[in-house]
Amino acid sequence: MTNALAFIVVEDRQNKTLLLCRKAAARAGEHLLVLAGTEAGYAYRRFCEVYVHLSSNTPAFEKICFRRYFLLADYLAAHPECREFVLIDSDVLLFPGAGAHIAQLVGNAGFSGSFIRPAAGWNPCQISPHVSYWTAQGLRDFVAYVIETYSTPVGLQQLRDVADRFAARGVRGGVSDMTLLYLWAEASGNAAPINRVQDGQVIDHNVNGGTNHLAREFQVRGGAKRLELIDGQPCLRTPAGDAVRVLALHFQGSAKKAMTHALAGRMRTVAALTWALQLARTAKNNAHRIASRARRMAEALRPAHAPTAKHPADGSTP
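Residues numbered from 1 in each chain as written. Predicted model: local features only at pLDDT ≥ 70, side-chain atom pairs only at ≥ 80, totals over all residues. Heavy atoms only, no water.

Engineer: Before we move on, can you summarise the sheet that holds strand β5 (residues 111–114) with the specific residues and values?
Structural biologist: If you trace the 5 strands from one edge of the open sheet to the other, you get β2-β1-β3-β6-β5, paired in mixed fashion. Both outer strands of the open sheet, β2 (32–35) and β5, are each paired with one neighbouring strand and no more. In this sheet, adjacent strand axes meet at a mean angle of 20 degrees when their direction is disregarded. Both strand β1 (residues 6–10) and β2 contribute to a ladder of 4 bridges, which runs parallel. Directly across from Val9, in β2, lies its bridge partner Val34. This element, helix α1 (residues 16–28), spans β1, β2 and β3 (84–88) of the sheet and lies at about 155 degrees to β2. (Pairing = 2+ DSSP bridges. Helix = DSSP H or I, 4+ residues; strand = E, 2+ residues; numbered from the N terminus. Axes fitted to C-alpha atoms, helices over the stretch in contact; angles between N-to-C directions. Contact = heavy atoms within 4.5 Å.)

Engineer: Break down unusual backbone geometry for me, citing the residues and quoting the values.
Structural biologist: Most peptide bonds are trans, and most residues other than glycine sit at a negative phi. Look at Cys125: it is not a glycine, yet its phi comes out positive at around 55 degrees. Residue position: Cys125 is located in the loop between β5 and β6 (128–135). For Cys125, a relative accessible area of 7% gives the class buried. In this structure, Arg216 is a non-glycine residue whose phi angle is positive, near 50 degrees. Locating Arg216 in the fold gives a position in the loop between β7 (201–203) and β8 (220–221). What makes Arg216 exposed here is its relative accessible area of 66%. (Buried < 20%, exposed > 50% of the residue type's maximum accessible area, 1.4 Å probe, protein only.)

Engineer: Got a sec to walk through the side chain of His250? Specific residues and values, please.
Structural biologist: Of note, His250 is situated in strand β12 (residues 243–250). A distance of 2.8 Å separates a polar side-chain atom of His250 from the backbone oxygen of His205. If we skip the residues at most four places from it in the chain, His250 touches Asp89, Asp91, Val92, His130, Asp204, His205, Asn206 and Val207. (Polar contact = N/O pair within 3.5 Å; in protein donor to acceptor, adjacent residues only side chain to side chain.)

Engineer: Can you break down the side chain of Asn208 residue by residue, with the values?
Structural biologist: Checked against the element boundaries, Asn208 lands in the loop between β7 and β8. There is a polar contact of 2.9 Å between the side chain of Asn208 and the side chain of Asn206.

Engineer: Mind laying out the environment of Arg117, listing which residues take part and the relevant values?
Structural biologist: Looking at where Arg117 falls in the secondary structure, it is placed in the loop between β5 and β6. On the accessibility criterion, Arg117 (51% relative accessible area) is exposed. In sequence terms Arg117 and Asn212 are 95 residues apart; their C-alpha atoms lie 8.6 Å from each other. Residues within four places of Arg117 in sequence aside, it is in contact with His213 and Leu214.

Engineer: Can you tell me about helix α5 (residues 136–151), naming the residues and giving the values?
Structural biologist: The end-to-end C-alpha distance of α5 is 23 Å, a good match for the 22 Å that 16 residues give at a rise of 1.5 Å each. Every buried residue of α5 is accounted for by Ala136, Gly138, Leu139, Phe142, Val143, Tyr145, Val146, Ile147, Thr149 and Tyr150. Against α2 (41–50), α3 (59–78), β3, β6, α6 (153–169) and α7 (177–188) lie the buried residues of α5. (Expected span 1.5 Å × (residues − 1).)

Engineer: Tell me what's going on with the confidence of the model for the chain, and back it up with residues and numbers.
Structural biologist: Per-residue confidence for the chain gives a mean pLDDT of 91; residues scoring 70 or more make up 91%. Residue range residues 308–318 is modelled with pLDDT below 50. Its contacts to residues more than four positions away, or to other chains, number 20 contacts. (pLDDT = per-residue confidence, 0-100.)

Engineer: Tell me about the packing of aromatic side chains, residues and numbers included.
Structural biologist: Throughout the structure, instances matching the rule amount to 18 aromatic pairs. Note on Phe47 and Tyr51: the rings are 5.4 Å apart at their centroids and 50 degrees apart in plane angle, and the pair reads as tilted. What makes Phe47 buried here is its relative accessible area of 0%. A ring pair is formed by Trp122 and Phe166, whose centres lie 5.1 Å apart and whose planes are at 75 degrees; its orientation type is edge-to-face. With Trp122 in the loop between β5 and β6 and Phe166 in helix α6, this pair connects stretches of sequence that are 44 residues apart. Chaining the aromatic ring pairs together yields one cluster made of Tyr44, Phe47, Tyr51, Phe66, Phe70 and Tyr150. (Phe/Tyr/Trp six-rings, centres within 6.5 Å; stacked < 30°, edge-to-face > 60°.)

Printed below as a string of C-alpha cells:
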C-alpha cells in the first residue's frame, strides 16, 4: 500500500461546499476525484425495487445516500486499476498527511469507517462513510450485502429491529446506509474505526461536540471541538490537554456554514457559529421527541377495535 491513496467524492451538486472540499484537498496534496453522475445502473434499480423505508428522513434522501455505492461500483468496474480508495463527503476538509495516515491505519482491512463507541444502553448501529477506506472487493461485497439484506425476511427483520429501537426512544433517524455499513462491517470483520487516534493524529467524526470515536474524547469550545493551529496545522485537545493533529474535519449538517472559517484558520469563529447552529438543532430534535411521545400516547389510548395505522416509515418505495 502506498500513500498515494485516491480520494473520491460522489456529488452531483456543484456548490460552495464541494468547492471548499476541492480546495482543501489540493492544499493537502491529496488527489480528489469527483463522480458527478446519477445513473447507477441495473444493480441500483434492483435495490430500489426491494428497498423498504424505515427512516424518519425521506425515501428520496435515503436512496440517494445508498446510490453512491452503486455509482462507485460502476466506476470501479470501468477502472480495475483502482483497487483501493477513500470515500469522503463533500462537507469534509482534508489536511496534509491524511492519505498517509489512513494507509497506515487500516492495515489489511477491506473497509474502515467512522464509528462512535456506543454508550451504555443505546447503540444506534451506525458507521459513517464520510471518511471511509475501501478496497474494490470490499465495495463489491457491501453492495451485494445491501441487496441481499433488503431481499430476505431475515435481513428485513434485522433492519426493522433497528428502526423500532429508534422509534421507542423518540430519536430521529432509523435505518440508513450507515446501518447497513455497521451490520456488514461487524459481520465481515471490518469494524475497526478509521476515527481512532493513532500516533497523535486523528480523523474527525463530526466537528460538532467533543465526541469522536470515544465519548467526550476532545475538549469543546462553543459548539464544536476545540480547534487550534499549531505550526499551521489544525489540532484538537484531549481532556488532559494533549494536542492531537486532526487530518480531516467533518462539517455535518448545518455546520457546513463554518467550513470557510475553518479553512481560513478562524477557529474561534467556527466555535461561535457551530454553537448557535447546535442550539437550533437541539430545539428541532426536542420537538421531534415530544411529537413522537404524543403519537405513542395516542396509539396507546386508541380503542382496541380501531385499526392500527401503518408506521409512517414502513413500506416499500417505488
